[in-house]
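# Coordinates in review
What follows is the residue order along each chain.
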Amino acid sequence: MHGVLAMIAQRIALGVATLFVISMLVFLAVDMLPGDPAEAILGQSATPASLAALRQELGLNKPLVVRYADWTAGLMRGDFGRSLANDRPISELIAPRLGATLSLAALAAAIALPLGVLLGILSTVHRDRALDRVASTASLLAISFPEFFTAYMLVACFSVGLGWLPAISLSSQGGFVETLTMLALPALTLSLAVIGYVLRMTRAAIMGVMASPYVEMARLKGVGPWGVVVRHALPNALSPIINVVIINLAYLVVGVVVIEVVFVYPGLGQLLVDSVAKRDIPVVQACCMLFAGTYIGLNLLADILALLANPRLRRPRQQEARA
Amino acid sequence: MTNHGYPDRRSLLLGAGALGAAQLLPSRAFAQAPKRGGAFRVGISDFATSDSLDPTLVETQFSQHLQWQLRNNLVEAGPGGKLVPELAESWEGSKDAKTWTFKLRKGVTFHDGKSLTPADVVHSFNTHRRDGSKSMTKPILAQIATVKADGPDAIVFELVDGNVGFPALTSSVGLVIIPDGDTDYRRGMGTGGYILEQFEPGVRSRVKRNPNYWKAGRGNFDTVEMICIKDATARANALLTGQIDAYNAVDPRTVALLERNSAVRINRVKSKAHFAFPMMVDQAPFASNDVRLAMKYAIDREEIVKRVLGGFGSPGNDHPLSAAYEFYDGSIPQRAYDPDKAKFHLAKAGEANLRVQLHVSETPFAGATDAAVLFKAHAAKAGITVDVAKEPEDGYWSSVWNKKPLCTSRWSGRINDDVLLTLGYSDTGTKAGWNETRINNPRLNTIVAEARKEFDTGKRRALYSEAQRIIHDEGGSNIFAFADFLDATSRKLAFGELAGDWMLDGCRASERWWFA
């Protein structure tokens, strides 16, 4: 286990360094876009005098390096700073958005991941039979439809047609049941795509080891198809499955802007897009740090889980010694 | 009187064809007395995460609605541009229109119970006028020399130069009245019909009825919630499923579909908003008026109105005033698509093979790119090559508009003829950064300045008529269309005559409407 801990420590250090590089790149990139926050805020009504006054007020007259240093210093103190666009503390802006994004991602993941893995396993057990064919075609369809299309179809069916679920997911009251109802359609839209991916990857990973001699051996021993897949093939296919599950989890957190727009769901993705449009560097930075942190953290988790799931990776040295 | 913000007979006929059973005039609502109560939920398409309650920065219609829910002006611009006394009970100008005295309404209180005084008005105006102010209203307030309280209930404005339209200016959304000394705009303190409960920029806002509101029959809803919905389909779905009661900016292509639903009403209102391809008259090749005329003859306005606006608009006539403005001159002949005349002017200018670059993005208006591509096809028949250059949507106003010699533009309505012509077509407007065509015609500058001081309506009309002709004949703006406003509401809502200065009854739906 000592090796695992050392690896985790090393990965975390690398992750923090990556975050800093990203923050620099994002800062530079947003600064290189034409226009600045003052011009974006004043829009068509900008006059030279009002621009100058607003730039002064926002501290945009300072050089880029100074502004970046200020931001970094703030971050060290745990202070994300204030939004240039509306002068609110960024933590106050981001907290509800992050909560919204995470609850949607959690619900979609809770539906999609177990279902995807389970259907993947079922597909291999019933390989080349009706269930496998239907699941395979349906998952391909779900992956191929763009999300906004799936979303509009679900809205047309469940909101406008049947009137069961709300068409937009913005609610002022926050009871548990109501929140679930509000989240139902966006979560379902996201789930459809994710189930498709997870199902196909799970099936492919298990099928990969099904041709191995030990699976053949198990079959000859007289183990049934269910037992072969679950007890013998699955443990060896876990690594790739964990990977695809984690990558889809990351996608659910960072990649749902289209869904947020269609369902008017105030998540983090929409905030990032709006903030880029307003050249609101501190908010863009904060969102990017959260997204990048999510990716780095989840990747780390995937590596650790894969390691724990695979004894050969867990104890590389002993393996060599014995060989 | 002209029919401001109201469909004229011609558009009624046109509209009857295009709209079928569309409810053009909600006339049934007129007879009813407003009722109190209900939760009004509105979907708004125009918003930003930079929205705030700072009166010096009111850039989106979302913040405009919110300002007018919470606060009042001295004067309100009613439907048809008619001035309605709001916090000012009455006003009076001196003979030279340089001194204006506003009498303040008595017994008005802010949401926190503080009484309205002239000091509040002075503070509100100085918020924009002070040195270093970032206010977008500052340029039009440059004409104020001093603003002072006169006794307990009067305010006196001394202007640098006479302006008979000054009372109208005080109805601008930025000139809402806030308490003396107030700089914490986030509180949303005002005298308006609603009190702020919640405001998340770019997401939503919620206000509740002000029980002490001084206006009878206004501010009728118990609560008003505004929801930011960028996607036109999501706005329509939200209305169809009853999650909102009204929304603005209906996609013209969906009007016929929405009308099949008997619970939905489409409000079509003639507006002051125009779409244009402005040419800079101080830049080659547009320095030649013949080239400009050729460009104006080389566009098929009717087709753009039909194809891009879905028929919900009317062709422009290369000057910025529509029938919704008081001094619109309808007698100027409509310029029509005429490739031969365009070729004639090109030959005269010695530019037989004119090639121009037209910069466009969807920021000015949805469908701008389509309009530009149609124009390209129209102009080709006149021998003009228009290269359509697609620009990014964000940053369009700062890096393309008013920078490139030929681009795409949209103008929302302005309070009156004077403000529009001063900003858009005079040397003052050039200094303020609004004169997109850089026109600097001495006669036009004089007319704009003189009409501003002229109390005699007949004389003003003659001056503004001349101004429209000058811009029509020599101006750089290829103004091809005036858009109609299309809002969708639930039939449960009732309202009177709708204003055409902004969508949703001049951004005052929450104040004026009620549940029937």
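Residues numbered from 1 in each chain as written. Chains lettered and ligands numbered in written order. Predicted model: local features only at pLDDT ≥ 70, side-chain atom pairs only at ≥ 80, totals over all residues.

### Details of the overall build of chain A
- From N to C terminus, chain A includes 15 helices and zero strands.
- Along the first, second and third principal axes, the C-alpha set of chain A runs to 85 × 60 × 35 Å.
- Contacts in chain A between residues at least 24 apart in sequence constitute 72% of all its contacts with a sequence separation of at least 6. (Helix = DSSP H or I, 4+ residues; strand = E, 2+ residues; numbered from the N terminus. Contact = placed C-beta atoms within 7 Å.)

### Describing the overall build of chain B
- A count of helical and extended segments in chain B gives 18 helices and 19 strands.
- Against the 2.2 N^0.38 benchmark of 24 Å for 516 residues, chain B shows a C-alpha radius of gyration of 23 Å, consistent with a compact globule.
- Over its C-alpha atoms, taken along the principal directions, chain B stretches across nearly 70 × 55 × 40 Å.
- Here chain B holds 516 residues, and the buried ones make up 56% of them.
- Contacts in chain B between residues far apart in sequence, at least 24 positions, make up 71% of those at least 6 positions apart. (Rg over C-alpha atoms; globule rule 2.2 N^0.38 Å. Buried ≥ 20, exposed ≤ 12 C-beta atoms within 10 Å, placed from the backbone.)

### Side note on the interface of chain B and chain A
- Counting residues at the interface gives 39 residues for chain B and 39 residues for chain A.
- Of all the elements in the fold, those that place two or more residues in the side of chain B that touches chain A are helix H4 (138–141), strand S9 (204–209), strand S10 (223–228), helix H6 (232–240) and helix H12 (396–399) of chain B.
- Looking at which element gives the most residues to the side of chain B that touches chain A, the answer is H6(B), with five residues.
- Among the residues forming the side of chain B that touches chain A, the class breakdown is 14 nonpolar, 15 polar and ten charged. (Nonpolar A, V, L, I, M, F, W, Y, C, P; charged D, E, K, R; others polar.)

### Observations regarding unusual backbone geometry
- Here B:Ala284 and B:Pro285 are connected by a cis peptide whose omega angle stands at 0°.
- For A:Val264, which is not glycine, the phi torsion reads 50° and is therefore positive.
- Within the element layout of this structure, A:Val264 appears in the loop between helix H11 (257–262) and helix H12 (268–277).
- For A:Val264, a count of 27 C-beta atoms within 10 Å gives the class buried.
- Phi angles above zero are rare outside glycine, and B:Cys507 is one such case at about 60°.
- The topology assignment puts B:Cys507 in helix H17 (residues 503–507).

### Thoughts on helix H3 (residues 118–129) of chain B
- The terminal C-alpha atoms of H3(B), which comprises twelve residues, lie 17 Å apart, in line with the 16 Å expected from a rise of 1.5 Å per residue.
- Looking at the buried side of H3(B), the elements it contacts are strand S5 (99–104), H4, strand S6 (144–149) and strand S7 (154–159) of chain B. (Expected span 1.5 Å × (residues − 1).)

### Observations concerning the packing of helix H7 (residues 147–161) of chain A against helix H8 (residues 176–210) of chain A
Residues and elements named next belong to chain A.
- Two elements in contact, H7 and H8, have axes whose closest approach is 9 Å; the angle formed by their N-to-C orientations is 135°. Classified by the interaxial angle, the pair formed by H7 and H8 is oblique. Between H7 and H8 the crossing geometry is right-handed. Residue-level contacts link Glu147, Thr150, Ala151, Leu154, Val155 and Phe158 of H7 to Leu185, Leu188, Thr189, Leu192 and Ala193 of H8.
- In terms of residue class, the contact of H7 with H8 is built from eight nonpolar, two polar and one charged. (Axes fitted to C-alpha atoms, helices over the stretch in contact; angles between N-to-C directions. Parallel < 35°, antiparallel > 145°, perpendicular 65-115°, else oblique. Left-handed = near helix turned anticlockwise from the far one by under 90°.)

### Observations regarding the sheet that holds S5(B)
Residue and element names in this part refer to chain B.
- The four strands are arranged S4-S5-S7-S6 in an open sheet whose pairing can be described as antiparallel. Because the sheet does not close on itself, it has two edges, and the strands there are strand S4 (88–93) and S6. Ignoring strand direction, the axes of neighbouring strands in this sheet form an average angle of 15°.
- Lying on the sheet, H3 is in contact with S5, S6 and S7; it crosses S6 at an angle near 155°. (Pairing = 2+ DSSP bridges.)

### Concerning the environment of B:Gln357
- Here B:Gln357 shows up in strand S14 (residues 355–360).
- When sequence neighbours within four positions are dropped, the list of residues in contact with B:Gln357 reads B:Asp387, B:Ala389 and B:Leu406.

### Some thoughts on the confidence of the model for chain A
- Chain-level pLDDT for chain A is 83 on average; 94% of the residues reach the 70-or-more range.
- Low confidence marks residues 319–323 of chain A, where pLDDT is under 50. Its contacts with residues over four positions away, or in another chain, come to one contact. (pLDDT = per-residue confidence, 0-100.)

### Re the pairing of strand S17 (residues 477–490) of chain B
Residues and elements named next belong to chain B.
- Among the 14 residues that make up S17, 13 are buried, leaving the element largely enclosed by the rest of the structure.
- Alignment of strand S11 (residues 246–247) against S17, held across two bridges, turns out to be antiparallel. Within S17, the position partnered with Ala246 by the bridge is Thr489.
- Pairing analysis gives three bridges linking strand S13 (residues 313–315) to S17, with the strands arranged antiparallel. The residue of S17 that forms the bridge with Ser314 is Phe482.

### A look at helix H15 (residues 442–453) of chain B
- Its twelve residues give H15(B) an end-to-end C-alpha distance of 17 Å, which sits within 8% of 16 Å, the value for a rise of 1.5 Å per residue.
- Among the structural elements, helix H13 (417–425) and helix H16 (457–474) of chain B are those in contact with the buried residues of H15(B).

### Examining the environment of B:Gly476
Residues and elements named next belong to chain B.
- As for its position among the elements, Gly476 is in the loop between H16 and S17.
- Here the alpha-carbon distance between Gly476 and Gly429, two residues 47 residues apart in the chain, equals 15 Å.
- Setting aside its immediate chain neighbours within four residues, Gly476 contacts Pro278, Met279, Met280, Val281, Phe286, Arg292, Thr437 and Ile439.

### Considering the pairing of S14(B)
Residue and element names in this part refer to chain B.
- Pairing of S14 with strand S15 (residues 385–390), which is carried by six bridges, proceeds in the parallel orientation. Among the inter-strand pairings, Val356 is bridged to a residue of S15, identified as Val386.
- Chirality of the crossover, the property in question, places the unit of S14, helix H11 (residues 368–380) and S15 among those that are right-handed. (Right-handed = clockwise from strand over helix to strand, strands pointing away.)

### Some details on the confidence of the model for chain B
- Averaged over all residues, the pLDDT of chain B is 88; the fraction at 70 or higher stands at 94%.
- Within the model, pLDDT remains below 50 along residues 1–31 of chain B, and this stretch shows 49 contacts once partners closer than five positions in the same chain are excluded.

### Looking at the nonpolar core
- Counting residues in each nonpolar core, the largest one holds 223 residues, and the members touching the most others are A:Ala108 and B:Ala294.
- Excluding anything up to four places from it in sequence, A:Ala108 contacts A:Ala187, A:Leu190, A:Ser191, A:Val194 and A:Leu252. (Core = buried A, V, L, I, M, F, W, Y, C linked by C-beta atoms within 7 Å.)

### Considering the environment of B:Gly383
All names here are of chain B.
- The topology assignment puts Gly383 in the loop between H11 and S15.
- Overall, Gly383 belongs to the partly exposed group, with 17 C-beta atoms counted inside 10 Å.
- Along the backbone, Gly383 and Thr109 are 274 residues apart, and their C-alpha atoms lie at a distance of 65 Å.
- Ignoring anything within four residues of it in the chain, the contact list for Gly383 reads Lys343, Leu346, Ala352 and Asn353.

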